[in-house]
Amino acid sequence: MKIVRKVQVKNAMGLHTRPATTIVKLLQNCPCDVTFTHKQDTVNAKSILSLLMLAATKNSKITIVVEGDEADVTMNKLVQAFENQFGE
Amino acid sequence: MYLVKDLYERHGARLGLELTAGKAGMNRKIQVPEAQRPGLSLSGYMKNHASKRVLIFGKVEIEYLSDLEPHVRIARLETIITDHTPAIIIARRYRPPKELRALCERQSIPLFRTNLATMDLLSKMILLLTEEFSPSISCHGTLVEVFGVGVLIQGDSAVGKSEAALGLVERGHRLISDDIVKVKKKEGSYLEGSGAALTRHHMEIRGIGIINVANLYGAVCVRNQKSLDIVVRLEVWQDDQFYDRIGLEEKFTTILDINLPYHILPVKPGRDVVLLLETIALNHRLKNMGYNSAQEFSSKVLELTSAKSRHRTIKFKVDKKTVSEGITV
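(A) Broad picture of the overall build of chain B. Check the secondary structure of chain B and you find 10 helices and 17 strands. Its C-alpha radius of gyration of 31 Å places chain B more than 25% over the 20 Å reference for a compact globule of 329 residues. For chain B, the spread of C-alpha atoms along the principal axes amounts to about 115 × 70 × 30 Å. In chain B, which comprises 329 residues, the share counted as buried stands at 32%. Contacts in chain B between residues at least 24 apart in sequence constitute 69% of all its contacts with a sequence separation of at least 6.

In structure tokens, the structure reads:
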């Protein structure tokens, strides 16, 4: 199953190290392939350095693509994390 | 999307560009990686005129324009400078005719001046634009230069790509980028990999965190870009899988339509991945020098086996003769 959704970074400091760590932790045991696309860069969301490379600031729009088993569960978790501003 | 602003910001200093008019048009798109001198079009011949190219005015164009009557000059300039024209550059620091300045200002087309000679500017512009427009992708993997060979290490997460790269760096090889590599097709014939500016020379090692390789091991252990020569995929060892034992058949993988030698390297405790990666790189160098270890060995074996069978045939013939002679006697 493949799900595509667009989310917005709501954190004041953008997608910095702490949110990136939260995402990677969230996806650690996930069986799906997850990619984030910001502007023209598409990266593997399971890698911290790749997420940081996006240098996504507040209000940046990120397209999330989740592909594989239980894609809907993973996507919901990710969207929720973005909504909660990664607990910040 | 490549804008005139990008060209000015990234290469303005190198080209010695100085903006003289049309500042409002800095956000114009450059749609084709081409630049041209509008000599023939200025004379009025407009058939097949490429309107999307960056225009370069040299000595001939400027002198030709100054020889024209003012109203003809305006008319000719208006024909070649349209809404599709991304920008105009005047070489040799010539003063632009006032009609050209006015037109650029009115149409919001950036007009630059430079000290460079016309042909020098033209060749630099074509090279620059071709490079900016060359296709590129981001690859998940780690790029390391091993004995001068650009090795892209790929594999699933947590298979040990970064650890292998760190081992290679520790042995004096160079890291280009970890985790994500920007691959660009150069001159349509080879690939070049580099890291993103922010994460360049940084590595993420599980259990340690993010480290700066340039600071830890010194500037000699890093490079900003390197050609991509081989791709090695690290895989967790599976007993039911048959791995290459001889190396006669070469596998290839395609990145941006370019074929690259591809190796699958199974990883398990006890296998020194760093040493194996070094061996793959050295073997690749040897192959490029015209020596293929596997082929050489195979041909030796073949020579030996075919020699044996020939020897056996001769012996068999001799035996037959003896037998037949025996019968005659």
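(B) Summary view of the interface of chain A and chain B. Contact with chain A, which involves 12 residues of that partner, is made by 11 residues of chain B. Mapped onto the side of chain A that touches chain B, the elements with two or more residues apiece are strand S3 (41–44) and helix H2 (48–53) of chain A. In terms of residue count, the dominant contributor to the side of chain A that touches chain B is H2 of chain A (5 residues). Classifying every residue of the side of chain A that touches chain B gives 6 nonpolar, 4 polar and 2 charged.

(C) Summary view of helix H1 (residues 17–27) of chain A. Residue and element names in this part refer to chain A. For H1, the full list of buried residues reads Pro-19, Ala-20, Ile-23 and Leu-27. In an axial view of H1, the angular spread of the buried residues amounts to 100°, which keeps them on one side of the axis. Of the residues in H1, the exposed ones pointing more than 90 degrees away from the buried face are Arg-18 and Lys-25.

(D) Structural detail: the packing of helix H4 (residues 70–80) of chain B against helix H5 (residues 98–107) of chain B. Residues and elements named next belong to chain B. Put simply, H4 and H5 touch, their axes get as near as 10 Å, and they point 40° apart. Judged by the inter-axis angle, H4 sits oblique to H5. As for how H4 packs across H5, the hand of that crossing is right-handed. The segment H4 lies against H5, with Arg-73, Ile-74, Leu-77 and Glu-78 engaging Glu-99, Leu-100 and Leu-103. Looking at the contact of H4 with H5 residue by residue, the classes come out as 4 nonpolar, no polar and 3 charged.

(E) Main features of the pairing of strand S7 (residues 142–146) of chain B. Residue and element names in this part refer to chain B. Buried residues dominate S7, accounting for 5 of its 5 residues. Residues Thr-142, Val-144 and Val-146 line one face of S7 and the alternating positions Leu-143 and Glu-145 line the opposite face, and both faces are buried. Taking the residues between adjacent antiparallel strands as the criterion, S7 and strand S8 (residues 149–155) are bridged by 2 residues, where Phe-147 takes a positive phi near 50°. Pairing of S7 with strand S9 (residues 174–177) involves 3 bridges; the strand directions are antiparallel. Residue pairing in the sheet places Val-144 in a bridge with Leu-175 of S9.

(F) The arrangement of the domain arrangement of chain B in detail. Taken domain by domain, chain B consists of domain 1 (4–133), domain 2 (136–288) and domain 3 (300–329). Spacing between the C-alpha centres of domain 1 of chain B and domain 2 of chain B amounts to 43 Å.

(G) The sheet that holds S7 of chain B, seen in detail. Residue and element names in this part refer to chain B. In space, the 6 strands of this open sheet follow the order S9-S7-S8-S15-S17-S16, with mixed pairing throughout. Unpaired on one side and paired on the other, S9 and strand S16 (251–255) mark the two borders of the sheet. Between one strand axis and the next, the sheet turns by 35° as a mean value, whatever way the strands run. Two elements, S8 and strand S15 (residues 230–236), share 5 bridges in a ladder whose sense is parallel. For Val-151, the partnering residue across the bridge sits in S15 and is Ile-230. Of the strands in this sheet, S7, S8, S9 and S15 touch helix H7 (residues 161–170), which is tilted by about 25° from S7.

(H) Unusual backbone geometry, seen in detail. All names here are of chain B. Phi is positive for Asn-48, close to 60°, though the residue is something other than glycine. With respect to the helices, strands and loops of the structure, Asn-48 is situated in the loop between helix H2 (39–42) and strand S3 (54–57). Phi is positive for Phe-147, which is not a glycine, with a value near 50°. By the element assignment, Phe-147 lies in the loop between S7 and S8.

(I) Looking closely at the packing of H1 of chain A against helix H3 (residues 71–83) of chain A. All names here are of chain A. It is at 11 Å that the axes of H1 and H3 come closest, and there the two elements cross at 160°. On the basis of the axis angle, H1 is roughly antiparallel to H3. In the packing of H1 onto H3, the handedness of the crossing is right-handed. Here H1 contributes Thr-22, Ile-23 and Leu-26 to the contact with H3, which in turn contributes Lys-77, Leu-78 and Ala-81. Here the residues of the contact of H1 with H3 are counted per class, giving 4 nonpolar, 1 polar and 1 charged.

(J) Seen up close, the nonpolar core. Of all hydrophobic cores here, the largest spans 57 residues; its most connected members are Leu-51 of chain A together with Val-144, Val-151 and Ala-165 of chain B. Once residues lying within four places of it in the same chain are set aside, the contact partners of Leu-51 of chain A are Leu-15, Ala-20, Ile-23, Phe-36, Val-43 and Ala-45 of chain A. In this structure, Leu-55, Ile-81, Ala-87 and Met-125 of chain B belong to the second largest nonpolar core, which totals 28 residues.

(K) Representation of the sheet that holds strand S5 (residues 111–113) of chain B. Residue and element names in this part refer to chain B. Pairing in this open sheet of 5 strands is mixed, and the strands run S1-S5-S4-S3-S2 from one edge to the other. Every other strand in the sheet has two partners, leaving strand S1 (18–21) and strand S2 (35–36) as the edge strands with one partner each. Pairing of S2 with S3, which is carried by 2 bridges, proceeds in the parallel orientation. By the bridge assignment for S3, Ala-35 is matched with Val-54. The strands touched by H5 are S1, strand S4 (88–90) and S5; relative to S1, the strand with the most contacts, the crossing angle is about 90°. Here helix H6 (residues 118–133) sits on the sheet and contacts S2, S3 and S4; the angle it forms with S3, its principal contact strand, is near 165°.

Each value, and the rule that gives it
Residues numbered from 1 in each chain as written. Chains lettered and ligands numbered in written order. Predicted model: local features only at pLDDT ≥ 70, side-chain atom pairs only at ≥ 80, totals over all residues. Helix = DSSP H or I, 4+ residues; strand = E, 2+ residues; numbered from the N terminus. Rg over C-alpha atoms; globule rule 2.2 N^0.38 Å. Buried ≥ 20, exposed ≤ 12 C-beta atoms within 10 Å, placed from the backbone. Contact = placed C-beta atoms within 7 Å. Nonpolar A, V, L, I, M, F, W, Y, C, P; charged D, E, K, R; others polar. Arc of directions from axis to C-beta. Axes fitted to C-alpha atoms, helices over the stretch in contact; angles between N-to-C directions. Parallel < 35°, antiparallel > 145°, perpendicular 65-115°, else oblique. Left-handed = near helix turned anticlockwise from the far one by under 90°. Pairing = 2+ DSSP bridges. Domains from an automatic or database assignment. Core = buried A, V, L, I, M, F, W, Y, C linked by C-beta atoms within 7 Å.

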